[in-house]
Amino acid sequence: KGRDFFALLNTVPGVVDNFSQARETSSPDSIRGTFINGQRENQKNLAVDGITDLDTGSNSTVHFQPNMDAISEIKVLTSNFQAEFGRNGGGVITVITRSGTRDFHGTGYWFYRHESLNANSFFNNRNGTPKNPYRYRINGYTIGGPIFIPKKLNTNRDKLFFFWSQEYVGMKRDYGTRYANMPTQLERDGNYSQSFDSAGRLIDVRDPLTGQVFPGNLIPRSRFNQMGLKILNFFPLPNWREPDPREFYNRNYRSQYSGAYPKRQDMIRIDANITDSLQVYYRFIKDKDEQTTPWGLWVNGNLNYDLTPTIFGQPGKGHNFRLNKLFGPTLINEFIFGKSRNNLYFYPKEPEKMSRDLIGSPAEWYKDAETGVTYLKSVNYIPNLVFGGNPNPVNASFGNIPYENYNNIWSFVDNISKVAGPHTLKAGVYIERTQKYQVGGGNYRGAFNFSRNANNPLDANHSFANALLGNFNTYSEATARVNGDWWFWNVEWYVQDNWRVNKRLTLDVGMRFYHLPPQTDRNSTIASFDPTRYNRAKA
């Protein structure tokens, strides 16, 4: 339905798409959700112009995705493929980009979608909720042809060619509606006489000092913890009265958000026929991809209300240089060098709304002065705040924010082919040098969990009351922010023979070899137990 060429895989027998991706536009996540002949999602390989185009942190995203008008050929190998196709065992998707020709050719396109063309959902109609914006504007153009100057350069238009493509995506993405239960003004004032569970039963609030229910379910103001009060007041007041009686006690706050999500892709390819036996080309692709997301992605954890949107970018780019040399009518050598990179980052759009002093500046055991993020030296964000046991409580949890992740891949490929009678012999080597930098480890900002827990002797039987009294179920904090910088080599080589025995029988025989040395952990972020170094006397 959209501009994602991975949707074409649905036409191939043995390929299953679980439709986890909307397939509206090209995306680093487009390769997700497809399975080839029962293999895992992250076991297939995508190669663009002979070079792998996968993020080696997961094998589940791509560095860049050529737009559909910039593609000359797509091939999907589901099984029994030759030894030259390796690296991953779960199927191979190869894409070849377009090149220019002797004549000038161009295309232009414009696609548009709008929520006015869509029906509202049954539940939105019942709740009086209008349709969220759903808008896609995808436009682009391509142009290709010879590079020449009459009577001076490439006058026959058969030596030098170019192809140029741009695609722009403008969309307003609907991130859906979120409902939560916020602490009411009565609960902030210590009055829990109107605090009910999902079935409408009063939740008894107990005094942790006596184990008895507070008289009238009222917490005396003298028992308030001032930081706990600031934590409750950090959240907005209820803004929603639920019309559905089945959900009446489950939600009192509604958030809706639609945000701009622009994308852009540029691609240039230059082909040259240097001689009749020597051809080269250079191709460069650059993707811009940045969205403003309020919730629902891994980048902002389990946030379920409109605290602040998160800026989430995942741009990518890739270079490719290819050289083909003919050494006669039956012998050809192909050399490819590729360099690709992606970068993932996220940070709050309005960092002032996450300032730690808004909840009373709770102390940190291990203050982390350095973020490890190149564009941000230090932050002072709130810890995660979790309330469990109440009906649908608010959750202020973020991922490892601010975050940075990038993946550099240098690829070297050399293939040589020889035709000898009924045999087509081929051998080659594939060398990949990879860097993966990624923020990891635990949450260095800290995490308060105020959930109900009968095993907690200070539990008040209501998570908001626990916060107000200054008691929590658990607190956790990482000792430091972990910034992993991992490097590794991947060396593969193969030999194969395509033997045409007769008109009705062809045999493909080959073998591929792999050498995978250990990773190098340049920041010393990984530890393991070495039993030979253990000395019981020093325990």
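What you see is a predicted model; the values in this text were computed from it and never measured.

*Asks:* Quick rundown of the sheet that holds strand β3 (residues 45-48)? Include the residues and the values.
*Replies:* Pairing is mixed across the open sheet formed by four strands, whose spatial order is β4-β3-β6-β5. Each of the sheet's edge strands pairs with one partner strand only, and the pair in question is β4 (51-52) and β5 (71-77). Relative to strand β6 (residues 92-97), β3 is paired through four bridges, and the arrangement is parallel. Bridge pairing in β6 links Asn 45 to Val 92.

*Asks:* Let's hear about empty space enclosed by the protein: which residues, and what values?
*Replies:* If you roll a probe as big as a water molecule over the atoms, it shows you where there is empty space left. Scanning the model with the defined rule gives three cavities of 30 Å³ or more in all. Of the voids in this model, the largest cavity is the one considered here, and its volume is about 130 Å³. If you trace the largest cavity, you find 18 residues lining it, with Ser 26, Lys 263, Arg 264, Asp 287 and Lys 288 closest to the centre.

*Asks:* Hey, could you go over the nonpolar core for me, with residue numbers and the actual values?
*Replies:* Ile 219, Phe 235, Tyr 305, Leu 385 and Phe 387 are the most contacted members of the largest nonpolar core, which has 43 residues in total. When residues of this core are traced back to their parent elements, those giving at least two are α3 (226-234), β15 (331-348) and α4 (463-469). Element by element, the count of residues in this core is highest for α4, at five residues. Setting aside residues no more than four positions away along its own chain, Ile 219 makes contact with Gly 190, Tyr 192, Val 205, Phe 214, Phe 224, Ala 465, Leu 468 and Leu 469. In terms of nonpolar packing, the next biggest core, distinct from the first, is built from 18 residues, Val 15, Leu 46, Met 267 and Ile 285 among them.

*Asks:* Quick rundown of the packing of aromatic side chains? Include the residues and the values.
*Replies:* The tally for this structure, following the rule as stated, stands at 32 aromatic pairs. With 5.8 Å between their ring centres and 10 degrees between their planes, Phe 448 and Phe 450 make a pair best called stacked. Residue Phe 448 shares its accessibility class with Phe 450, and that shared class is buried. Geometry around Phe 327 places Lys 325 over its ring, the cationic atom sitting 5.8 Å from the centre. Lying over the aromatic face of Trp 487, Arg 522 brings its terminal NZ or CZ to 4.1 Å of the ring centre.

*Asks:* With reference to specific residues and values, describe the environment of Ser 27.
*Replies:* Relative to the assigned elements, Ser 27 resides in the loop between β1 (15-17) and β2 (34-36). A sequence separation of 115 residues divides Ser 27 from Thr 142, and the C-alpha atoms of the two residues are 20 Å apart. With sequence-adjacent residues up to four places away left out, Ser 27 is seen in contact with Val 62, Gln 65 and Lys 263. Polar side-chain contacts of Ser 27 include one of 3.1 Å to the backbone nitrogen of Asp 29.

*Asks:* Quick one: what's the story with the layout of surface pockets, residue by residue and with numbers?
*Replies:* Taken as a whole, the largest pocket encloses approximately 840 Å³ of empty space. What lines the largest pocket is a set of 42 residues, and nearest its centre among them are Gln 21, Ser 27, Asp 29, Arg 173 and Gln 314. Residue assignment for the lining of the largest pocket shows that the elements contributing at least two residues are β8 (135-146), β9 (160-180), β15, β18 (403-420) and β19 (423-440). In this structure, the second largest pocket spans a volume of roughly 590 Å³. If you go around the second largest pocket, you meet 29 residues; those closest to its centre are Ala 47, Gly 50, Glu 84, Phe 85 and Thr 94. Ranked by residue count, the leading element in the lining of the second largest pocket is β6, at four residues. Partitioned by chemical class, the residues of the lining of the second largest pocket number twelve nonpolar, six polar and eleven charged.

Conventions used here
Residues numbered from 1 in each chain as written. Predicted model: local features only at pLDDT ≥ 70, side-chain atom pairs only at ≥ 80, totals over all residues. Heavy atoms only, no water. Pairing = 2+ DSSP bridges. Helix = DSSP H or I, 4+ residues; strand = E, 2+ residues; numbered from the N terminus. 1 Å grid on protein atoms, 1.4 Å probe; cavity = no way out; pocket = protein on both sides within 12 Å on 5 of 7 lines; lining within 4 Å. Points joined across faces, edges and corners; volume = space filled by probe spheres on them. Core = buried A, V, L, I, M, F, W, Y, C linked by side-chain atoms within 4.5 Å. Buried < 20%, exposed > 50% of the residue type's maximum accessible area, 1.4 Å probe, protein only. Contact = heavy atoms within 4.5 Å. Phe/Tyr/Trp six-rings, centres within 6.5 Å; stacked < 30°, edge-to-face > 60°. Lys NZ or Arg CZ within 6 Å of the ring centre and 35° of its normal. Polar contact = N/O pair within 3.5 Å; in protein donor to acceptor, adjacent residues only side chain to side chain. Nonpolar A, V, L, I, M, F, W, Y, C, P; charged D, E, K, R; others polar.

Limitation: the analysis is restricted to geometry and does not speak to function.
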